[in-house]
Amino acid sequence: MSAAVSTRPRIIALSIQSFKGVRAIELRPNGAPVIEINGRNGAGKSSVLDAIWYALAGAGNIPSTPIRKGQERATIKLDLGEVVVTRTFTKNDDDSFRTSITVENGDGARFPSPQRMLDDLLGSLTFD
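> Teacher, can you tell me more about the sheet that holds strand β5 (residues 97-105) here?
As a general point, the strands of a sheet are linked pairwise by backbone hydrogen bonds and lie either parallel or antiparallel. The antiparallel open sheet is built from five strands, whose spatial order is β2-β1-β3-β4-β5. For this open sheet the edge positions go to β2 (22-27) and β5, each flanked by a neighbour on one side alone. Direction aside, neighbouring strands of the sheet carry axes that sit 10° apart on average. Two strands pair when backbone bridges link them, and strand β1 (residues 13-19) and strand β3 (residues 73-79) are joined in this way by five bridges, in the antiparallel orientation. Bridging across to β3, A13 finds its partner in D79. Lying over the sheet, helix α1 (residues 45-56) contacts β1, β2, β3, β4 (83-91) and β5, oriented at roughly 105° with respect to β1. Along the sheet, helix α2 (residues 114-123) makes contact with β4 and β5, crossing β5 at roughly 70°.

Rendered as structure tokens:
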């Protein structure tokens, strides 16, 4: 499968469950150029931004506690239009975690080397 993806992907949808400070949230920007995320301290605003990064970055960029306290599993699903990234975190018995990632194209076909494909994509993007 070709790893060719637009160099200007946009977030079509973001779904987060039991990740850091977020119980569950689904965002759909609907093409808006700017999305405002606001709320009180501890409401999960930074967790939403972290979820985007952790969905795309390699496992070495993920902190030691990505799963919400009291939960066994966390999921981030990031729809970029041409690809959908799903990263899951599962708690181990010793309170560490393991993570897995899938990257699918619009037809549901999975990329055989998902992190390599994302690394190539990240190399073409700028984050601020």
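Here the narrative resumes.
> It is not clear to me how the packing of α1 against α2 should be interpreted in this structure. Could you clarify?
Geometrically, a packed helix pair is captured by the angle between its two axes and the distance between the axes. Running from N to C, α1 and α2 cross one another at 120°; their axes reach a closest spacing of 9 Å. Comparing the axis directions of α1 and α2 gives the class oblique. Along its contact with α1, which presents W53, A55 and L56, the element α2 presents Q115, L118 and L122.

> What am I meant to see in the nonpolar core here?
As a rule of thumb, soluble globular proteins bury nonpolar side chains together. With 26 residues, the main nonpolar core has F19, L56, I76, L78, V85, V103 and L118 as its most contacted residues. Those elements that provide at least two residues to this core are β1, α1, β3, β4, β5 and α2. Looking at which element gives the most residues to this core, the answer is α1, with six residues.

> Quick question: what am I supposed to make of the pattern of salt bridges here?
A side chain with one charge can pair with a side chain of the opposite charge if their charged atoms come near. Within the structure shown, the criterion is met by four salt bridges. Two residues, E26 and R28, come together in a salt bridge whose shortest N-O distance is 3.0 Å. Using a relative accessible area of 47% as the deciding quantity, one classes E26 as partly exposed.

> Which parts of the structure should I look at to understand α2?
Structural remark: α-helix, 3.6 residues per turn; residues separated by three or four positions point the same way. Of the residues making up α2, those classed as buried are P114, Q115, M117, L118, L121 and L122. Buried residues in α2, looked at end-on, bunch into an arc of 155°, giving them a common side. Set apart from the buried face of α2 by more than 90 degrees, the exposed residues are R116, D120 and G123. Here the buried face of α2 lies against α1, β4 and β5.

Procedures and definitions
Residues numbered from 1 in each chain as written. Predicted model: local features only at pLDDT ≥ 70, side-chain atom pairs only at ≥ 80, totals over all residues. Heavy atoms only, no water. Pairing = 2+ DSSP bridges. Helix = DSSP H or I, 4+ residues; strand = E, 2+ residues; numbered from the N terminus. Axes fitted to C-alpha atoms, helices over the stretch in contact; angles between N-to-C directions. Contact = heavy atoms within 4.5 Å. Parallel < 35°, antiparallel > 145°, perpendicular 65-115°, else oblique. Core = buried A, V, L, I, M, F, W, Y, C linked by side-chain atoms within 4.5 Å. Buried < 20%, exposed > 50% of the residue type's maximum accessible area, 1.4 Å probe, protein only. Salt bridge = Lys/Arg side-chain N within 4 Å of Asp/Glu carboxyl O. Arc of directions from axis to C-beta.

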